[in-house]
Amino acid sequence: MAAKIITQAALEPEIIDPNAVKQELLGKYPTKVARKRAKQIVINRVDEDFTVPEIGANARTIPGIITQRGCAYAGCKGVVLGPTRDIVNLTHGPIGCGFYSWLTRRNQTRPPTAEDANFMTYCFSTDLQDNDIVFGGEKKLRAAIQEAYDIFKPKAISIFATCPVGLIGDDIHNVAKEMKEKLGINIFAFSCEGYKGVSQSAGHHIANNGIFKHVVGTDDTAREGKYRINLLGEYNIGGDGFEIERILQECGITTVATFSGNSTYDQFANSHTADLNTVMCHRSINYVAEMIDKKFGIPWIKVNFIGADSSAKSLRKIANYFESPELTARVEDVVARETMEVKIVQADVRTRCEGKLAMLFVGGSRAHHYQDLFAEMGMKTISAGYEFAHRDDYEGRRVLPDIKIDSDSRTIEELDVGPDPDRYRPRKSAEQLEELAAKGFTFRDYEGMMPRMPDGTLVIDDISQYETERMIEIYKPAIFCAGIKEKYAIQKKGIPMKQLHSYDSGGPYAGFKGAINFYREIDRMVNSKVWSYLKAPWQTNPELAATYGCE
Ligand code: CFM
C-alpha cells in the first residue's frame, strides 16, 4: 500500500487517500502507541456549523518518539519573559539552561536611547554546582540577585527555576520576597522547572500567572492616546512587532503594552489602563487576556497580523470595536495604501507558486497563521499541526468546556481572579457588547485552526521525526515549514525548508511589508533549482574516476 501512495503522490497529491496515509504513519508503531497516536492524527472535516473532529493534544509525548517539544522553562523564560528588555532575567540552575536560552530566539528590541536599559544581550545565571545541589542554592541565588542589582540597578529582577531547583526544593519565592524588601525593586520568581506539564505550554501559563500577579496593574499612569490597545502574544521575532507597531501608529492606534515583543517593565505595569486587548498568539497568552478582563474589565479579541488580508481584517476589527468613523476612515486609508504594493507582488509570485503544496508544523499558533500567507500566494496547506497547542487552538474555544484536565495540567496553578474593588471598569456596557455581537463581533473567542482548513487535510499534533519524513516522501510538498531541529533532515530529503520560528535569518513577515517579504522568500525557495541537484554524484554513479594532476 505504501508504494502505491508514494507513486501517486508525486503526480497528483489530491488523489492521495488521507486514511491510507494515516494508516501508513501508524503502521510503524506498536499497537498501544498507535492507538494513542491515532487520536493525534486527524483527517480534517468541517461541518456546516464549523465543528471539526476531536484531536488529541497537550498530552505527554510517548517516550522513544522523537518530537520537537521544549520544556516549561523555555516557555516561561525564553518565550514570554525573554523579549522584555529591562528586566534582569536570572536563571537559577546549572549554566546550560541559561546558556542555551541566550539569544537563541530572534526576539528583537529597540531601546529608545543608548542610555535605556537593555539586558537581552546578557545571560544571567546562578551557575549551580554539585555543592549547591547537595547543600542548597538559596545562598547563591541571594548573592546573584545582589550582584545583578549592584552592577545594573534594574527596575526588576525575575528568577526562573530549572529542573534541579525544583528537585532540591530551593524556596525561590521566599528569596525573591526577601530581596525585594531589601533592595526596594520588584523581584519575583517563577517555578517553571523544565519537567512541569508536557511541553513549553506549561511555561507560558506559569509566566502568565507570574506577570499578572506581580506586575500587571502596579502602576496606574495611563498613556496618552485616543485608541489604546495592548498587543498580546506578539514577540517581535525577526522584527514582526516593529512592522505591526508601524501600521498601528499610522492608523492612530496607541499600543500601551506588548506582551512581550520589544516590551519594558513599565508597559506590563500599566497595561491595565488600555481599552482593548488584542491577542495574536492565543496559546501563549490567553491566560493574561482572560485575567485582565476579569480584574479590570478590558475585553479581548483575537487578531492576526500574519497575512495582508488578515492584517486588514484585524485593523478593521479594532476600528469596529472603538465604533469611531474617524478611525475606520484612517484604517481604510492605510489598508488601501499598503495593499497596493502587496497586490502587485502577490500577482507576480502567483504565476510561479499557484497550486504548490505546503506543510506547516510549528509551535502553538503559527501553523495556523501562516496558512493565510500561503493562501495569498495561491499555495495549499496540505497538512499542518502544532507542537504543543491544546484542543482549543485546533478546534476553537467552543470546546473549552469539554477539555478534560489531566494530571499533567493539574500541576499548573489556576489563579482565582475577580474584579478589582477600585479599578474594575468595564470598557463596554452590556448593551454595547450585545450590539457589537449582533453585528457579528466576537469577543473572547478563537475559532481555531481546523475550521479554516479544507476537508481531507491531515492535522497532526506533536508530529514525530519519523512521521515528518514519511509525510514528505508521500506528498512531496514544495515547502516544509518547521524549526531548526527538523531543518537539515528535511533538506536532505530534497525539500526546501523554511524555519517559521526564527525565520532563518529573514523577516519581518507580519503586516503588509512582512507579507511582501514572505512572498518573495517563499517564491525564491520553492522555485529554486538547487533542490534538483541534491543527489551527490556517487549516489547515481558509485564509481568515480579521476587522474592525478601530475600525470
Ligand atoms: Fe506563540 Fe510564538 Fe507560537 Fe509560542 Fe514558540 Fe515562537 Fe512558535 Mo517557536 S509564543 S506559540 S512557544 S507564536 S518560540 S514566537 S515560533 S514555537 S508558533
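As a reminder, the structure under discussion sits directly above these lines.
Residues numbered from 1 in each chain as written. Predicted model: local features only at pLDDT ≥ 70, side-chain atom pairs only at ≥ 80, totals over all residues. Heavy atoms only, no water.

Q: Sorry, what's going on with helix α2 (residues 18-26) here?
A: Turn by turn, an α-helix covers 3.6 residues, leaving residues three or four places apart pointing in a common direction. Within α2, 7 of the 9 residues are buried, which leaves the element mostly enclosed by the surrounding structure. Of all the residues in α2, the buried ones are P18, A20, V21, K22, E24, L25 and L26. Its side-chain oxygen 2.9 Å from the backbone nitrogen of N19, D17 forms the N-cap of α2. (Buried < 20%, exposed > 50% of the residue type's maximum accessible area, 1.4 Å probe, protein only. Helix = DSSP H or I, 4+ residues; strand = E, 2+ residues; numbered from the N terminus. Polar contact = N/O pair within 3.5 Å; in protein donor to acceptor, adjacent residues only side chain to side chain.)

Q: Explain a nonpolar patch on the surface here, please?
A: A cluster of nonpolar side chains, contributed by I95, F99, Y100, W102 and L103, occupies part of the molecular surface with about 550 Å² of accessible area. Structurally, F99 is set in helix α5 (residues 95-100). (Patch = residues over 30% accessible without salt bridge, like charges linked within 9 Å, V, L, I, M, F, W, Y side chains within 5 Å. Areas by Shrake-Rupley, 256 points an atom, 1.4 Å probe, with all protein chains shown as cover. Salt bridge = Lys/Arg side-chain N within 4 Å of Asp/Glu carboxyl O.)

Q: Got a minute to help me understand the pattern of salt bridges in this structure?
A: Any two side chains of opposite charge can pair, on the condition that their charged atoms come close. Enumeration over the complete set of coordinates arrives at 40 salt bridges. With its nearest N and O atoms 2.8 Å apart, the salt bridge here joins E178 to R142. Remark: R142 occurs in helix α7 (residues 138-152) and E178 occurs in helix α9 (residues 172-183); sequence separation between them is 36 residues. The partner of R391 in a salt bridge is E395, with the nearest N and O atoms 2.7 Å apart. Of this pair, R391 and E395 both sit in helix α17 (residues 391-395), 4 residues apart, which is roughly one turn of the helix. Grouping residues by exposure puts R391 and E395 together as buried. One salt-bridge network, in which partners are shared between bridges, spans E243, R246, E250, R337 and E338.

Q: Looking at this structure, how should I read the site of the ligand?
A: Around the ligand, 13 residues are found, and the nearest of them are R105, H204, C281, S365 and H501. For the shell around the ligand, the residue count by class is 5 nonpolar, 6 polar and 2 charged. (Near = heavy atom within 4 Å. Nonpolar A, V, L, I, M, F, W, Y, C, P; charged D, E, K, R; others polar.)

Q: Got a minute to help me understand the packing of aromatic side chains in this structure?
A: Applying the stated rule across the entire model yields 22 aromatic pairs. Ring geometry for F119 against F152: centres 5.3 Å apart, planes inclined by 75°, an arrangement best described as edge-to-face. Of the two residues, F119 sits in the loop between α5 and β3 (124-125) while F152 sits in helix α7, which places them 33 residues apart along the sequence. Note on F152: relative accessible area 22%, which makes it partly exposed. Here the aromatic residues Y227, Y321, F322, F441 and F443 are joined through ring pairs into a cluster of three or more. Lying across the ring of F242, R110 places its NZ or CZ 3.7 Å from the centre. Here the basic side chain of K428 rests over the ring of Y321, its NZ or CZ set 4.6 Å away from the ring centre. (Phe/Tyr/Trp six-rings, centres within 6.5 Å; stacked < 30°, edge-to-face > 60°. Lys NZ or Arg CZ within 6 Å of the ring centre and 35° of its normal.)

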